[in-house]
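# Observations on the model geometry
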Amino acid sequence: MTAVQIAEELARLHRLVSWFDTPVPLPAEAVTGHACVWCLIPADSTAVDLESAADYPQRGCLSCYSARLAWHISWYEWHSHVAECFPCKQGRMCFVGRGRRILHELTAGPAGKEPPACFSCHRTLLAQETAIPVRWEGEASFHLGYAHPGGCARKGAAL
Ligand SMILES: [Zn+2]
Ligand SMILES: [Zn+2]
Ligand SMILES: [Zn+2]
């Protein structure tokens, strides 16, 4: 059953990337599926078809698409560790949590993301601070973000 689970997990991540990680509004070249929605290079045979409710297919080049997939995969791997890890939830040092965070942060630049910031105090998470991934429910959809665990202790401090 492993293969089935992997396929389902990939399909779920594919939908997330297609729906929540594409530019709004799309640049004109990308609306018709002729260019990558992210970098606008012309779509070739390696381009990935994204899920779309539009009349035309929307596509991502392999490099842009895999960078965004890696961002989502590493976020969920970090999140699933923290959900089961008491020290991480308490904001204490955890080598596994730290390792997953570092792996995730490496994917941010290639995926075109800003450096991770706390959803509560909006400060960029510093390397020496502890941080946890949080799934934040908005009105229309949800957002994968980050927070300082146990409150933003140094909120307002000059940095
Ligand atoms: Zn691209
Ligand atoms: Zn941990
Ligand atoms: Zn904070």
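Here the structure is a predicted model, which means the values were calculated and not measured.

What counts as what
- Residues numbered from 1 in each chain as written.
- Chains lettered and ligands numbered in written order.
- Predicted model: local features only at pLDDT ≥ 70, side-chain atom pairs only at ≥ 80, totals over all residues.
- Heavy atoms only, no water.
- Donors = N, O, S within 2.8 Å, 3.2 Å for Na, K, Ca; no water.
- Buried < 20%, exposed > 50% of the residue type's maximum accessible area, 1.4 Å probe, protein only.
- Domains from an automatic or database assignment.
- Contact = heavy atoms within 4.5 Å.
- Buried area = accessible area lost by both parts, 1.4 Å probe.
- Salt bridge = Lys/Arg side-chain N within 4 Å of Asp/Glu carboxyl O.
- Polar contact = N/O pair within 3.5 Å; in protein donor to acceptor, adjacent residues only side chain to side chain.
- Nonpolar A, V, L, I, M, F, W, Y, C, P; charged D, E, K, R; others polar.
- Pairing = 2+ DSSP bridges.
- Helix = DSSP H or I, 4+ residues; strand = E, 2+ residues; numbered from the N terminus.
- Tetrahedral: all angles 85-135°; square planar, octahedral: opposite > 155°, others 65-115°.
- Expected span 1.5 Å × (residues − 1).
- Arc of directions from axis to C-beta.

## With respect to the coordination of the zinc ion (ligand 2)
For the zinc ion (ligand 2), the full set of protein donor atoms is His-81 (NE2), Cys-85 (SG), Cys-88 (SG) and Cys-94 (SG), at a range of 2.0 to 2.3 Å. The sequence pattern formed by the donor residues of the zinc ion (ligand 2) is H-x3-C-x2-C-x5-C. Each member of the pair, Cys-85 together with Cys-94, is buried.

## Some details on the domain arrangement of the protein chain
Per the domain assignment, the segments making up the protein chain are domain 1 (2–60) and domain 2 (66–147). Here domain 1 and domain 2 have C-alpha centroids that lie 23 Å from each other. Each partner contributes residues to the interface: domain 1 has nine residues there, and domain 2 has eight residues. Between domain 1 and domain 2 the total buried area reaches about 830 Å² when both faces are included, carbon and sulfur atoms providing 74% of it. There are one salt bridge connecting domain 1 and domain 2. A salt bridge links Lys-113 to Asp-21, with the nearest nitrogen and oxygen atoms 2.7 Å apart. Counting across the domain 1 and domain 2 interface gives one residue pair in polar contact (both at pLDDT 80 or more). Per-class residue counts for the side of domain 1 that touches domain 2 are six nonpolar, one polar and two charged.

## Overview of the pairing of strand β3 (residues 132–137)
Note that β3 and strand β4 (residues 142–147) share six bridges and pair antiparallel. Opposite Val-134, over in β4, you have Gly-145 as the bridge partner. Here β3 hands over to β4 after four residues, the two strands then running antiparallel side by side.

## A short note on the side chain of Thr-22
Note that Thr-22 resides in the loop between α1 (2–20) and α2 (28–31). Of the polar contacts made by the side chain of Thr-22, one reaches the backbone oxygen of Ser-18; its length is 3.1 Å. With near-sequence residues (within four places) excluded, Thr-22 lies in contact with Val-17, Val-37, Trp-38 and Leu-50.

## A few points about the coordination of the zinc ion (ligand 1)
Of the protein atoms, only Cys-36 (SG), Cys-39 (SG), Cys-61 (SG) and Cys-64 (SG) coordinate the zinc ion (ligand 1), at distances of 2.3 to 2.4 Å. Its four donor atoms give the zinc ion (ligand 1) angles of 101 to 114° at the centre, a pattern that matches the tetrahedral case. Of note, the donors binding the zinc ion (ligand 1) are all from one chain and are spaced C-x2-C-x21-C-x2-C. Using a relative accessible area of 11% as the deciding quantity, one classes Cys-64 as buried.

## Focus: helix α5 (residues 95–108)
Given a rise of 1.5 Å per residue, 14 residues ought to cover 20 Å, and the 20 Å separating the end C-alpha atoms of α5 matches this to within 8%. Those residues of α5 lying buried are Gly-97, Arg-101, His-104, Thr-107 and Ala-108. Down the axis of α5, the sector holding all buried residues measures 115°, keeping them to one side. Every exposed residue of α5 that faces more than 90 degrees away from the buried side is listed here: Phe-95, Leu-103 and Leu-106. On its buried face, α5 sits against α3 (62–84), α4 (86–89) and β4.

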